[in-house]
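# Commentary on secondary and tertiary structure
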There are 2 protein chains.
Amino acid sequence: MGRWEPNARGRLGRAAMELYVERGFDQTTIADIAERAGLTKRTFFRHYADKRDVLFAGADPLRDVVVRAITEAPPELAPFAAVSFGIEAGAELIQERPDDVRMRQAVIDAHPELQERELAKLAALVGDMAAALHGRGVGAWPARLAAEAGMAAFRVAFARWIAASAEGKLTQTVRESMTELTATVTGE
Amino acid sequence: MGRWEPNARGRLGRAAMELYVERGFDQTTIADIAERAGLTKRTFFRHYADKRDVLFAGADPLRDVVVRAITEAPPELAPFAAVSFGIEAGAELIQERPDDVRMRQAVIDAHPELQERELAKLAALVGDMAAALHGRGVGAWPARLAAEAGMAAFRVAFARWIAASAEGKLTQTVRESMTELTATVTGE
């Protein structure tokens, strides 16, 4: 197999996700993934560090999009509005590939260790969002609170969207969740 | 060593926590813990499943207190107020032993795997709080949202309290955090 297989990364990712769903994450080997993708193990390791990396490689681009949106949000936006702006940008990225996201979530939901890793990634994202807000001049604790509140709304929106088979726009569900969050904390 | 050592569980817990802080979690063995407590490994295993269990054994009583408080909160309370009621009950339990809580947090903060486990425990608590709200007649998604929002406020309050060396009342910090959450999501 040559070094420049067309879309090797995408093929490996899709093959891995299919196998994780069909056989389970633990029962899938990297050799299985490479074979399904028609590539070699060596090619796999050029694109991913390990089996888990296939599931979490999307976290960095997502973080970059969210953080950039918060940083570049209109300066007059209050902290929570800026966080919402960032989370909607992230939601837009997520909803581009609903099938992949749904498969990925099914794999994670079936595996406690992967769930723990996912929670850690989301917690790190809260930290990054808070840092981006802090960069806009928001105090450290208020920034943290706005970021945690935004993540609270996002978690529920994402769960609802997945429960609805990832149909429709996640951005819309996120906006509804933000509005409902405001209603619930004000006691309405 | 006899079966009925006085306060064996407490002595083992304290010995473990001291060693985790002094040497690190990975560098501490169960034999070390038993020796420090003046007890046997056998006694350790009568009280804890493993080294990690010492750190997370408090999660179940905490959950029970929080869930009971939500279930028994005045029926006229709106969902978020009921969650706040539960979280304040939990905060009261936590602040009873500030030194233990501070040591425990230092151990967890130094160890990514323990952090992931802690995040999983807190996520499970959100699920339990949502279920308790649902038991009060709140719809499943609004219950989830109120529980996530309460946990968002709690996380920040707890981090602030730990940053202040666990001095003062966590319940007070929690109440402030709840008020600030309301202010931030309404854009104030």
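These figures come from a predicted structure and were not determined experimentally. As a convention, each chain's residues are numbered from 1 in the sequence order in which they are written. Working convention: letters from A go to chains and numbers from 1 go to ligands, in the order in which they are written. pLDDT decides what is reported in this predicted model: residues at 70 or higher carry local features, side-chain atom pairs at 80 or more are listed and counted, and totals for whole chains, interfaces and linings draw on all residues regardless. To obtain the side-chain values, all non-hydrogen atoms of the structure were used and water was disregarded.

### A word on helix H9 (residues 140–163) of chain A
Residue and element names in this part refer to chain A.
- Put simply, DSSP H or I for four residues or longer makes a helix, DSSP E for two residues or longer makes a strand, and each gets a number counted from the N terminus. To estimate how far a helix should reach, multiply one less than its number of residues by 1.5 Å. With 24 residues, H9 should reach 34 Å at 1.5 Å per residue; the first-to-last C-alpha distance of 34 Å fits that figure.
- Among the 24 residues of H9, 17 are classified as buried, and the element is accordingly described as predominantly covered.
- Just past H9, the residue Ser-165 takes up positive phi, approximately 60°. To sort residues, take the accessible area from a 1.4 Å probe on protein chains only and compare it with the maximum for the residue type: under 20% means buried, over 50% means exposed, and anything in between is partly exposed.

### Quick look at the interface of chain B and chain A
- Taken together, the 29 residues of chain B in the interface contact 29 residues of chain A.
- The term buried area refers to how much accessible surface (probe radius 1.4 Å) is lost by two components on association, counted for both of them together. The contact between chain B and chain A buries some 2600 Å² in all, and 74% of this surface belongs to carbon and sulfur atoms.
- Of all residues in chain B, the largest losses of buried area upon contact with chain A belong to Glu116(B), Trp141(B) and Leu145(B), amounting jointly to 27% of the total for that side.
- Salt-bridge detection follows one rule: a side-chain nitrogen of Lys or Arg within 4 Å of a carboxyl oxygen of Asp or Glu. Summed over the shared surface of chain B and chain A, the result is 4 salt bridges.
- A salt bridge links Arg155(B) to Glu148(A), with the shortest nitrogen-to-oxygen separation between them at 3.5 Å. It only takes one pair of heavy atoms within 4.5 Å for two residues to be counted as in contact.

### Points about the UniProt feature "domain: HTH tetR-type" (unreviewed entry) in chain A
- UniProt positions are given in the numbering used here, feature names are shortened, and annotations may be inferred rather than shown by experiment. Taking the UniProt record as the reference, the feature "domain: HTH tetR-type" (unreviewed entry) is found at residues 6–66 of chain A.
- The straight-line gap between the two end C-alpha atoms of residues 6–66 of chain A is 29 Å; of that span, 74% is helix and 0% is strand.

### Overview of the relation of the copies chain B and chain A
- Superposing the copies works by least squares over the C-alpha atoms of residues that have pLDDT at least 70 in both of them. Note on the copies: chain B fits chain A at an RMSD of 0.0 Å, the axial shift is 0.0 Å, and the rotation between them is 180°. Here the two chains are linked by the operation of a two-fold rotation axis. Residues of chain B ranked by C-alpha distance from the rotation axis are headed by Glu116(B), positioned 2.6 Å from it.
- When you check the interface residues of chain B against chain A, 100% turn up at the interface there too, and the contact is symmetric in its surfaces.

### Focus: the domain arrangement of chain A
All names here are of chain A.
- How far each domain reaches was decided by an automatic or database domain assignment. In terms of domain boundaries, chain A breaks down into domain 1 (8–54) and domain 2 (58–185).
- Taken together, the contact between domain 1 and domain 2 spans 8 residues of the former and 8 residues of the latter.
- On the domain 1 side of the contact with domain 2, Arg-14, Met-17 and Arg-52 bury the most area, a combined 58% of that side's loss.
- Here Arg-14 and Asp-100 are joined by a salt bridge, their closest N and O atoms 2.6 Å apart.
- We define a polar contact as two N or O atoms separated by no more than 3.5 Å, with the added condition that, inside protein, one atom must be a possible hydrogen donor and the other a possible acceptor, whereas residues neighbouring each other in sequence contribute only through side-chain atom pairs. At the junction of domain 1 with domain 2, the criterion picks out 2 residue pairs in polar contact (both at pLDDT 80 or more).

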